[in-house]
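# Observations on the model geometry
The primary structure of each chain is shown beneath.
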Amino acid sequence: MSETLPAEAGTDDAGIGMIEIVVAMFMLALLALSFAPLLAGTLRLAAGNADRTTATELVERQLAEARGQTATCAGLTAYAASPVPTSRTGRGVVLTSARDVVCPPTYPGTARVTVRVTADGATLATASTLVYVGSA
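Everything numeric in this text was worked out from a predicted model, so none of it was measured. Along every chain, residues carry numbers that run from 1 in the direction the sequence is written. Under the rules for a predicted model, residues below a pLDDT of 70 receive no local features and side-chain atom pairs below 80 are neither given nor counted, while totals for whole chains, interfaces and linings still include all residues. Water and hydrogen atoms play no part in the side-chain values, which are based on all heavy atoms of the structure.

### As for the overall build of the protein chain
From N to C terminus, the protein chain includes 2 helices and 4 strands. Reading the protein chain from its N end, one meets helices and strands in the order α-α-β-β-β-β. Each residue is assigned to one of three classes by its accessible area relative to the maximum for its type, calculated with a 1.4 Å probe on protein chains only: buried under 20%, partly exposed between the two thresholds, exposed over 50%. Going through the 136 residues of the protein chain one by one, you find that 26% of them count as buried. Accessible area for the protein chain stands at about 9,500 Å²; split by element, carbon and sulfur atoms hold 63% of it. Put simply, DSSP H or I for four residues or longer makes a helix, DSSP E for two residues or longer makes a strand, and each gets a number counted from the N terminus. The Shrake-Rupley method, run with a 1.4 Å probe sphere, supplies the accessible areas, and residue values consider only the shown protein chains as cover.

As structure tokens, this is what we get:
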């Protein structure tokens, strides 16, 4: 036994109407707009992290150069006083470096070398290392 539907049963609902499409698009637009601030914040955070990574690499490079200087306090002090070229990040942020050396009171001893990298007055990275020095 099979039953058939009357011919008029499907004529009332012919498919998705224009109003349903507009409502669905509106709901998708609201959903996309709710995620826009999150996406913008994530992009700003990623850009800031890239700047800090470049600053950290610059600090590490300068500390390695300091460790390679003559093992005297005068050599380290001359290195710290030498001009440091500015660097730029991938976004064009200008990074400036400052170096500081604190010599030991007696020799032989260890001198503390500190490198600080700033951009627009804000410190992005700083680190110190101890370097063995045999004389002043």
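### Brief notes about the sheet that holds strand β3 (residues 109-119)
A pair of strands is labelled paired if DSSP reports no fewer than 2 bridges between them. The antiparallel open sheet is built from 4 strands, whose spatial order is β1-β2-β3-β4. Strand pairing shows two members of the sheet lacking a second neighbour, β1 (87-88) and β4 (122-133), which therefore form its edges. Where β1 and strand β2 (residues 94-102) come together, 2 bridges link them in antiparallel fashion. Each bridged residue has a counterpart across the sheet, and for S87 the counterpart in β2 is L95.

### Thoughts on the packing of aromatic side chains
Aromatic rings from Phe, Tyr and Trp, taking only the six-membered ring of Trp, are treated as a pair when their centres fall within 6.5 Å; an angle between ring planes under 30 degrees marks them as stacked, one over 60 as edge-to-face, and anything in between as tilted. Under the criterion given, the structure shown has 0 aromatic pairs. In this arrangement the basic side chain of R99 is found over the ring face of Y79, its NZ or CZ atom lying 4.1 Å from the centre. Sitting over a ring, as applied to charges here, requires NZ of Lys or CZ of Arg to be within 6 Å of the ring centre and within 35 degrees of the ring normal.

### Some details on the pattern of salt bridges
Note on definitions: salt bridges are taken to be side-chain nitrogens of Lys or Arg within 4 Å of carboxyl oxygens of Asp or Glu. In the structure shown here, the tally under the stated rule is 1 salt bridge. Taking the shortest distance from any N to any O, the salt bridge between R91 and D51 comes out at 2.5 Å. Of the two residues, R91 sits in the loop between β1 and β2 while D51 sits in helix α1 (residues 18-67), which places them 40 residues apart along the sequence. Judged by relative accessible area, which is 53%, R91 ranks as exposed.

### Topic: the nonpolar core
Judged by nonpolar contacts, the single largest core of 20 residues is most densely connected at V59, L63, L76, L95, V101, V113 and V117. Mapped onto this core, the elements with two or more residues apiece are α1, α2 (73-81), β2, β3 and β4. Pairs of residues are marked as contacts when any of their non-hydrogen atoms sit within 4.5 Å. Ignoring anything within four residues of it in the chain, the contact list for V117 reads A55, L58, V59, L95, T96, S97, A122, T123, L124 and A125. Residue types Ala, Val, Leu, Ile, Met, Phe, Trp, Tyr and Cys, when buried and joined through side-chain atoms within 4.5 Å, form a set referred to as a nonpolar core.

### Focus on α1
Because each turn of an α-helix spans 3.6 residues, side chains separated by three or four positions end up pointing in the same direction. An expected span of 1.5 Å times one less than the residue number is assigned to each helix. Helix length check: α1, at 50 residues, gives a terminal C-alpha distance of 72 Å against a target of 74 Å (1.5 Å per residue), a fit within 8%. In this analysis the local bend is the angle between axes fitted, respectively, to the seven residues ending at and the seven residues starting at the residue. Remark: the principal bend of α1, roughly 30°, maps to A36, with a proline, P37, within the next four residues. Of all the positions in α1, only A47, G48, D51, A55, L58, V59, Q62, L63 and A66 are classed as buried. At its buried positions, α1 is contacted by α2, β1, β2, β3 and β4.

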